[in-house]
Amino acid sequence: MRFTKMHGLGNDYVYVDCVRTRPPANPAQLSQAVSDRHFGIGADGLILICPSERADARMRMFNADGSESEMCGNGIRCVAKFVHDHGIATKSRLTIETGRGVLGLDLEVRDGKAVRVRVNMGEPILESAKIPTTLPGDPPVNAKLVAGGTTFEVTCVSMGNPHAVVYAGDEFFRTDTRDLVAELGPKLEYHEAFPRRINAHFVRVHSPSEVTMRTWERGSGITLACGTGACSVCVAGVLTGRTGRKLLAHLPGGDLELEWAEADNCVYMTGPATEVFTGEWPTA
Ligand SMILES: N[C@H](CCC[C@H](N)C(=O)O)C(=O)O
């Protein structure tokens, strides 16, 4: 099976062109195999680029554990780049069908290749967090929960996939945050309040327009960037009054520009998309 390795700010996936080749029989199992960084290709998961009746292409995204997600922000930028650069639809404005509907993307093309993409990620879905205790006065998306002996104040936002945003103090970012994220992330991912599990983000606010964030992803663990997560952080900042509608998010793999637009209530995310190499995987 021919594959293309791509990443958005180091959030890397194995991409398979299922527009022009037959889709894998068991993508969940394939994702687990190719994602393994020692016995496979090494990735945060697998993304299939499929035909669509409603858009220029359809994205199906599988985490490293084989679970399928409704949406992937860094992934959709790379899908758009692949669709453009590999001649499926050589337009600078594309539509991609996802688990949360058809999304529109604008590509920045340089020397015939897409280098950066602005995605209309759609409206945030402010699912009320079904968590026992809610902070007094806050909308149902804010809640306090205890997980594994740790008390978290979370703001839950869905971008088609579920996110819990935790505002962490400076001490969180002074120590080796990787250990802390690895300790606290799973407690939130598997908390009983989130029957479909959840992506967890730990955020430090620098100003109303700038944050640093660390992510524990549902189904993939620590990643260098999370596009839908950055969108949820932008929305959570507005909901909690910590940040404004335009936000620069610093992630370990680089920066994303976010805007939760007042005019159409949609979240816009802008960032790079990079192709690394292509290869052959022995068809399982
Ligand atoms: N782990 C996520 C999917 C990938 C999201 C992330 N890589 C992004 O760029 O949005 C989930 O299960 O909802």
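Residues numbered from 1 in each chain as written. Predicted model: local features only at pLDDT ≥ 70, side-chain atom pairs only at ≥ 80, totals over all residues. Heavy atoms only, no water.

Trainee: I keep staring at the pattern of salt bridges and nothing clicks. Help me out?
Mentor: Any two side chains of opposite charge can pair, so long as their charged atoms come close to each other. Summed over the entire model, instances satisfying the criterion amount to 17 salt bridges. Where E108 meets R110, a salt bridge forms, and the shortest distance between an N and an O atom there is 2.9 Å. Owing to a relative accessible area of 34%, E108 belongs among the partly exposed residues under this scheme. Assessed through its relative accessible area of 48%, R110 is described here as partly exposed. E257 is the partner of R116 in a salt bridge, and the nearest nitrogen-oxygen pair spans 3.1 Å. On the criterion of sequence distance, the pair formed by R116 in strand β8 (residues 113-120) and E257 in strand β16 (residues 254-260) is long-range, its members being 141 residues apart. Given the relative accessible area of 24%, R116 is considered partly exposed. (Salt bridge = Lys/Arg side-chain N within 4 Å of Asp/Glu carboxyl O. Buried < 20%, exposed > 50% of the residue type's maximum accessible area, 1.4 Å probe, protein only. Helix = DSSP H or I, 4+ residues; strand = E, 2+ residues; numbered from the N terminus.)

Trainee: Is there a simple way to think about the state of the cysteines in this case?
Mentor: Between two cysteines, a covalent bond joining their sulfur atoms is known as a disulfide. Scanning the model with the defined rule gives zero disulfides in all. Here C226 is not disulfide-linked; the sulfur of C72 is the nearest cysteine sulfur, at 7.3 Å. No disulfide involves C231; its sulfur sits 7.3 Å from that of C234, the nearest cysteine. (Disulfide = S-S within 2.5 Å.)

Trainee: Would you take a moment to explain the UniProt feature "binding site: substrate" (unreviewed entry) in the protein for this structure?
Mentor: If you check UniProt for "binding site: substrate" (unreviewed entry), the listed places come out as N11, N63, G73, N74, N161, N199, E217, R218, G227 and T228 in our numbering. By the element assignment, G73 lies in helix α2 (residues 73-85). Judged by relative accessible area, G73 falls into the buried class, the value being 1%. Mapped onto the secondary structure, N74 falls in helix α2. If we skip the residues at most four places from it in the chain, N74 touches G8, N11, Y15, A225, C226, G227 and L256. (UniProt positions renumbered as here; feature names shortened; annotations may be inferred. Contact = heavy atoms within 4.5 Å.)

Trainee: Would you mind going over unusual backbone geometry with me for this structure?
Mentor: At L9, a position not held by glycine, the phi torsion is positive, near 55°. Note on placement: L9 falls in the loop between β1 (2-8) and β2 (11-17). Non-glycine residue N265 carries a positive phi angle of around 65°. Mapped onto the elements of the fold, N265 is located in the loop between β16 and β17 (267-272).

Trainee: Any chance you could explain the pairing of strand β4 (residues 57-63) here in plain terms?
Mentor: Regular strands show a simple pattern: their side chains alternate between the two faces of the sheet. Along β4, five of the seven residues are buried, which leaves the element largely enclosed by surrounding structure. As paired strands, strand β3 (residues 45-50) and β4 are joined by six bridges and run antiparallel to one another. Each residue of the ladder has a partner; that of I49, found in β4, is M59. If you look at the hairpin formed by β3 and β4, you'll find six residues sitting between the two strands. Relative to strand β6 (residues 93-98), β4 is paired through two bridges, and the arrangement is parallel. What sits directly across from R58, in β6, is E97. Strand direction decides the pairing type here: β4 and strand β5 (residues 68-69), joined by two bridges, are antiparallel. Note that in β5 the partner of M61 across the bridge is S69. Between the end of β4 and the start of β5, which pair antiparallel, lie four residues, with G66 showing a positive phi angle near 95°. (Pairing = 2+ DSSP bridges.)

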